[in-house]
Amino acid sequence: MDLLALADFNLVARHGGFGRAARAAGRPKATLSRRVAELEAGLGLRLFERGGRTLKLTEEGRALFERTGVLLTELDEAAMAIASGSERARGRLRISAPLLFSQTAMGRLAAEFALKFPEVRLEVTTDDRPVDLVEEGYDLAIRVNPDPDESLVGRIFLRDRLVVVASPAAAPPGDGAAVPAVVRGAAGPETAWDVVTPEGPRRIIVEPVLALSSLMMVRDAVRAGVGAGRLPISLVSHDLAAGRLAHWGDVDGPEIALWALYPSRRLLSARVAAFLGHLQAAFPRGEPDELADYLAP
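Residues numbered from 1 in each chain as written. Predicted model: local features only at pLDDT ≥ 70, side-chain atom pairs only at ≥ 80, totals over all residues. Heavy atoms only, no water.

**Overview of the nonpolar core**
- Ranked by internal contacts, the top residues of the largest apolar core, which has 27 residues, are Phe101 and Phe157.
- Secondary-structure elements contributing two or more residues to this core are β3 (91-97), α5 (99-116), β5 (140-144), β6 (152-160), β13 (256-263), α9 (270-282) and α10 (288-295).
- Take this core: its biggest share by element is six residues, from α9.
- When near neighbours in sequence (up to four residues on either side) are disregarded, Phe101 contacts Met106, Leu109, Ile142, Phe157, Leu158, Leu258, Phe283 and Leu291.
- Counting residues in each nonpolar core, the second largest holds 17 residues, with Phe9, Leu32, Val36 and Leu47 among its members. (Core = buried A, V, L, I, M, F, W, Y, C linked by side-chain atoms within 4.5 Å. Buried < 20%, exposed > 50% of the residue type's maximum accessible area, 1.4 Å probe, protein only. Helix = DSSP H or I, 4+ residues; strand = E, 2+ residues; numbered from the N terminus. Contact = heavy atoms within 4.5 Å.)

**Considering the sheet that holds β13**
- Strand order in the open sheet formed by five strands is β4-β3-β5-β13-β6, and the pairing between neighbours is mixed. Strands at the two margins of the open sheet, each flanked by one partner only, are β4 (120-126) and β6. Pairwise comparison of adjacent strand axes, ignoring direction, gives a mean angle of 20° for this sheet.
- For β3 and β4, the ladder comprises seven bridges, and the chain directions are parallel. When the bridges of β4 are listed, Leu93 appears paired with Leu122. (Pairing = 2+ DSSP bridges. Axes fitted to C-alpha atoms, helices over the stretch in contact; angles between N-to-C directions.)

**Brief notes about the pattern of salt bridges**
- Taken as a whole and assessed by the stated rule, the structure comprises 20 salt bridges.
- Asp8 serves as the salt-bridge partner of Arg27, at 3.0 Å between the closest nitrogen and oxygen. Within this pair, whereas Arg27 is found in the loop between α2 (18-25) and α3 (29-43), its partner Asp8 is found in helix α1 (residues 3-15), the two being separated by 19 residues in sequence.
- A residue is classified by how much of its surface remains accessible, and Arg27, at 29% relative accessible area, is partly exposed.
- Residue class for Asp8 comes out buried when judged on its relative accessible area of 6%.
- Linking Arg184 and Asp128 is a salt bridge whose minimum nitrogen-to-oxygen distance equals 3.5 Å. Placement of Arg184 in strand β8 (residues 178-184) and of Asp128 in the loop between β4 and α6 (133-136) is noted, with a sequence separation of 56 residues between them.
- Bridged by salt links that share partners, the residues Arg219, Asp220, Arg223, Asp239 and Arg244 form one connected network. (Salt bridge = Lys/Arg side-chain N within 4 Å of Asp/Glu carboxyl O.)

In structure tokens, the structure reads:
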């Protein structure tokens, strides 16, 4: 595919017409029209519907514009950076982040990043589903224990672990005795939590009495003494240190890993690299206590 013709197509699509694109770029209108026609012929697709006074993208043209616009912008940025000898973070940066991390840390992280890189227009959306970065136009996604994906690359920037906690007034359960529990999601039948304690592994039989949709709500309910809860240590470590909650054991299971992911087939833009560096500076060791300290008032 001719990249110059593709760039001219994007120019026309962005400005909504050959005349406006020609005036904005200082290029002959006939040249832009010819190059777009050559691109259409090469692809065997009609990219624009041409009316008497209007120019409208076809469905195929819109798909091509959405998929190639960001890539061409990144190529332009890379070329400008090489020509100038340095690369500056600027432009639009779209990030998807999970609910709990957004509620606890993302507001402060985003504000600090905006102050540090004023030429970047940062947009953060909250979503626990695995968004499609390329199809949905995201530059970077933060995910918890993501499934392997060959189209993405990234790194772990934070680790956490689950613990079982309860009000200090609640006595730890005896063998075989069920305890009231606050759970995330729909309350199901009686379940058990396997934990590791200084005395060895234990199984805590739990009876859900309250089901809540976010871990922040679960923590608040556990603080109020409704029942025991299974929560990230970063979310409750200061409560444990202050005696507001009691530690019943570490959950026996895989650790929680927060990944920063981006599309492998894109150039790593200066703005993505800047945000990755921002995460590294905020959590240099990537340990739960760093996140707990970051969340502390």
